[in-house]
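Here are the chains, one letter per residue:
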Amino acid sequence: MELSEVLARRRMVRRYTAEPVDPAAVARILDRARRAPSAGFSQGQTFVVVTEERRRHALAHACDEEEHVARGLPRWLSSAPVHVLPCVEPDRYRARYAEPDKAGSVTPDDWEVPFWWVDGGQSLMLLLLAAVDEGLAAGFLAVRAAAVRPVVGLPDDVAPLGLVTLGHPAPDRRSGSLARGRRDWSDQVRWEHW
Ligand SMILES: Cc1cc2nc3c(=O)[nH]c(=O)nc-3n(C[C@H](O)[C@H](O)[C@H](O)COP(=O)(O)O)c2cc1C
């Protein structure tokens, strides 16, 4: 698939069919997400992939799926055959920037923009796009770290960015937020000067 087509097709999908996902496709998606750039090539992006039904249900529970369903939202997380928690590890940046070739660089705890969030976002985007490229769909949900941490045994110094669902798309309802419409191009893209 052409990149432009992948970009055009990508959207958050919140419902999946029961069709299983080929584990080789999941591995390829993760491999593409791993290709994201990272500050100093610190590679502080780490992914927890969950396919076991019991653990996916535990994640759905930790993310309050029952409450969402009771409010009329689709049963999203437990319909997805694969969950991925894209995480970042700030300590890998601290260790990398303590290496001799980084002497003189601003150290991670003084960064104006903590680059682990930037790099994590880049990995997340690649994950979403690689899913489309594999003919699958993906969605992203914000999570409470404290709720998901015990389900997958995340260490305290690893921060989950959220939860990505992967699977074959089923008909779903698009987010109500989209009714706001896309910002005007000329408002969002400034040429030469703000
Ligand atoms: C950082 C971030 C957090 C998001 N959190 C949620 C979420 O918790 N629940 C949800 O249903 N969608 C969530 N979304 C999806 C957005 O609502 C969605 O991307 C936006 O409405 C545009 O729709 P599209 O991605 O299908 O084009 C999130 C997206 C981003 C980038």
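The rules behind the values
- For every chain, the first residue of the written sequence is number 1, and numbering continues from 1 along that sequence.
- The model is predicted, so local features are restricted to residues of pLDDT at least 70 and side-chain atom pairs to those at 80 or more, both for listing and for counting; the totals for chains, interfaces and linings are taken over all residues.
- Where helices and strands are cited, they refer to DSSP runs of H or I of at least four residues and of E of at least two residues respectively, numbered from the N terminus.
- Both definitions apply: the radius of gyration is a C-alpha atom measure, and the globule rule equals 2.2 Å times residues to the power 0.38.
- To sort residues by exposure, count the other C-beta atoms lying within 10 Å of each residue's C-beta; 20 or more gives buried, 12 or fewer gives exposed, and values between give partly exposed, all with C-beta atoms placed from the backbone.
- With C-beta atoms placed from the backbone, a contact is any residue pair whose C-beta atoms sit within 7 Å.
- Using a C-beta atom placed from the backbone, a residue is scored as near a molecule or strand whenever that atom is within 6 Å of it.
- Residues were grouped as follows: Ala, Val, Leu, Ile, Met, Phe, Trp, Tyr, Cys and Pro as nonpolar; Asp, Glu, Lys and Arg as charged; and all remaining residues, including Gly, as polar.
- Working convention: axes come from line fits to C-alpha atoms, limited for helices to the stretch in contact. Angles between N-to-C directions cover 0 to 180 degrees.
- Relative orientations are named as follows: roughly parallel for angles under 35 degrees, roughly antiparallel for angles over 145 degrees, roughly perpendicular for angles from 65 to 115 degrees, and oblique for any other angle.
- Put simply, a crossing is left-handed when the front helix is turned counterclockwise from the back one by less than a right angle, and right-handed when it is turned clockwise.
- As used here, the arc belongs to the directions running from the helix axis to the C-beta atoms.
- Strands are treated as partners if at least two bridges between them are detected by DSSP.
- Note on terminology: a nonpolar core is a set of buried residues of type Ala, Val, Leu, Ile, Met, Phe, Trp, Tyr or Cys, with members joined through C-beta atoms within 7 Å.

### Considering the overall build of the protein chain
Broken down by element type, the protein chain carries eight helices and five strands. Going from N to C terminus, the protein chain has its helices and strands arranged as α-α-β-α-α-β-α-α-β-α-β-β-α. A globule of 194 residues ought to have a C-alpha radius of gyration of about 16 Å, and the protein chain, at 18 Å, matches this closely. Relative to its full complement of 194 residues, the protein chain shows a buried share of 31%. Intrachain contacts of the protein chain at a sequence separation of at least 6 include 78% that bridge at least 24 residues.

### Quick word on the site of the ligand
As a structural note, the neighbourhood of the ligand is formed by Arg11, Met12, Phe140, Leu141, Ala142, Ser175, Ser177 and Leu178. Partitioned by chemical class, the residues of the shell around the ligand number five nonpolar, two polar and one charged.

### Description of the packing of helix α3 (residues 53-62) against helix α7 (residues 145-152)
Relative orientation of the contacting elements α3 and α7 amounts to 165°, with a least axis distance of 9 Å. Comparing their axes, α7 and α3 come out roughly antiparallel. The hand of the α3/α7 crossing is right-handed. Residues Arg55, Ala58, Leu59 and Ala62 of α3 touch α7, and the partners they reach there are Ala147, Val148 and Val151. Each residue belonging to the contact of α3 with α7 can be placed in one class, and the counts come to six nonpolar, no polar and one charged.

### Points about α3
Within α3 the residues assigned to the buried category are Arg56, Leu59 and Ala60. Angular distribution of buried residues about the axis of α3 spans 100°; they occupy a single face of the element. For α3, the elements touching its buried residues are β1 (45-50), α4 (65-70), β2 (82-88), α7 and β5 (163-167).

### Remarks on the environment of Phe140
Residue placement: Phe140 occurs in strand β3 (residues 137-141). Judged by the 19 C-beta atoms lying within 10 Å of it, Phe140 is partly exposed. In this structure the C-alpha to C-alpha distance between Phe140 and Glu192, which are 52 residues apart in sequence, comes to 33 Å.

### Observations regarding the pairing of β2
The element β2 is extensively covered by neighbouring structure, given that seven of its seven residues are classed as buried. Burial of the side chains of β2 extends over both faces: Val82, Val84, Pro86 and Val88 are buried on one face and His83, Leu85 and Cys87 on the other. Note: β1 against β2, six bridges, orientation antiparallel. Within β2, the position partnered with Val50 by the bridge is His83. Pairing analysis gives three bridges linking β2 to β5, with the strands arranged antiparallel.

### What to know about the environment of Arg10
With respect to the helices and strands, the residue Arg10 is situated in the loop between α1 (3-9) and α2 (23-33). Considered as a pair, Arg10 and Leu73 are 63 residues apart in the sequence and their alpha carbons are 21 Å apart. If we ignore the near neighbours within four places in the chain, the residues touching Arg10 are Leu128, Leu129 and Val132.

### Focus on the nonpolar core
Within the largest apolar cluster, 40 residues are counted, with the highest numbers of intra-cluster contacts made by Leu127, Ala131, Ala138 and Leu166. Mapped by element, the contributors of at least two residues to this core are α2, α3, β2, α6 (115-133), β3, α7 and β5. In contact with Leu166, other than residues within four places in its own chain, are Val21, Val26, Ile29, Ala80, Val82, Val84, Ala131, Leu136 and Ala138.

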